[in-house]
Amino acid sequence: MASLEPLAFLGTGLMGSRMATRLLDAGYALRVWNRSAEKTAPLAARGAVVAATPEKACEGAALVFTMLSDAPSVRAVLFDRGADRTIPRGSLVIDMGSNAPPDAREHARRLAVRGITHLDAPVSGGPGGAEQGTLAIMVGGDEAAFSRARPVLLHLGRPTLVGPSGTGQLAKLCNQTIVALTIGAVAEALLLAQAGGADPAKVREALAGGFADSLIMHVHGQRMIDRSFAPGGPSRLQLKDLRNILAAADAAGLRLPLASHVAQLYESLVASGGGDLDHSALFLEIERMSS
């Protein structure tokens, strides 16, 4: 794909701003929009064109990226506000936010009516992965659309086509199942270490390289030890994902007891005012229950 082919990027928050920056640095002509316009200023300084509305951002765009918080936000931007009417026929919409599989399939169907192709391509790796271009990108859609998008996605991370429309979102739900349960396991282990008289930081150090080691142990375990919960991934979004996980399990006739229990813990954390804390703040909820 030619580097000057116009791209649109809708949603330039914590993740989207870093992803859009990588596309600009790769030489793509980029038009951006964000609900809070001030968040687009650093991108404008790097050469992005800031659009006043999503409809304007999408005019003439060959590829449209969305990085929005949930499916209602995607529907509002693409369909309710009418951005889909300004995206040219033959263009490709790549939704990189985390939504439920049925939402992805519905968006794909509605765009197809207008001759627009859709990929659901949620990511994992957090702001650090977005900044470094090392995101895991789980893609659902047809192979031709994936082949078209892949050269651009490679600037953002490691894209993998996992199946038809909706399965990218399903893969992200699998990812979030492991993330949520592992955060809970790390929190309980560190609380156990502390209650038993061991130094939690030294226990984390001792476990490094063993079977219990993980990126979550390194990153979120450190946040728990430091009691520093400024959001990378807010707990309210982890809860949204857990609700989608349980809905997908129910649709498949599965019962996921561990995910169900962790979802209840996140429900309590968010209800008590922790929704904007990092999802590693599940540590605080388990600590509260223990005391």
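Values in this document were obtained by computation on a predicted structure and should not be read as measured data. (Residues numbered from 1 in each chain as written. Predicted model: local features only at pLDDT ≥ 70, side-chain atom pairs only at ≥ 80, totals over all residues. Heavy atoms only, no water.)

Asks: Would you explain the pattern of salt bridges in this entry?
Replies: Two side chains bearing opposite charge may form a pair once their charged atoms approach each other closely. Tallying each qualifying case throughout the model produces 15 salt bridges. A salt bridge links R236 to D276, with the nearest nitrogen and oxygen atoms 2.8 Å apart. Of this pair, R236 sits in helix α11 (residues 235-251) while D276 sits in the loop between α12 (257-274) and α13 (282-290), and the two are 40 residues apart along the sequence. Here the salt bridges do not stand alone but share partners, grouping R75, D103, E106 and R110 into one network. (Salt bridge = Lys/Arg side-chain N within 4 Å of Asp/Glu carboxyl O. Helix = DSSP H or I, 4+ residues; strand = E, 2+ residues; numbered from the N terminus.)

Asks: What's the story with the environment of A83 in this structure? I'm lost.
Replies: Tracing the backbone shows A83 in the loop between α4 (71-80) and β5 (92-95). On the basis of relative accessibility, which here comes to 0%, the residue A83 falls in the buried class. Taking the C-alpha atoms as reference points, A83 and E55, separated by 28 residues in sequence, lie 4.1 Å from one another. Leave out the neighbours within four places in its chain, and A83 touches P54, E55, C58, V77 and L78. (Buried < 20%, exposed > 50% of the residue type's maximum accessible area, 1.4 Å probe, protein only. Contact = heavy atoms within 4.5 Å.)

Asks: Just to check I follow, could you spell out the nonpolar core for this structure?
Replies: As a rule of thumb, nonpolar side chains are buried together in soluble globular proteins. Of all hydrophobic cores here, the largest spans 32 residues; its most connected members are M19, F65, I94 and M96. Elements that contribute at least two residues to this core include exactly β1 (7-10), α1 (16-25), β2 (30-33), β4 (63-66), β5, β8 (135-140) and α7 (143-153). Among the elements that line this core, the one with the most residues is α7, at five residues. Other than its neighbours up to four places away in sequence, F65 contacts L7, A8, F9, L10, L23, I94, M96, V152, L153 and L156. Core analysis: the next-biggest nonpolar cluster, separate from the first, contains 25 residues, V179, A187, I216 and A259 among them. (Core = buried A, V, L, I, M, F, W, Y, C linked by side-chain atoms within 4.5 Å.)

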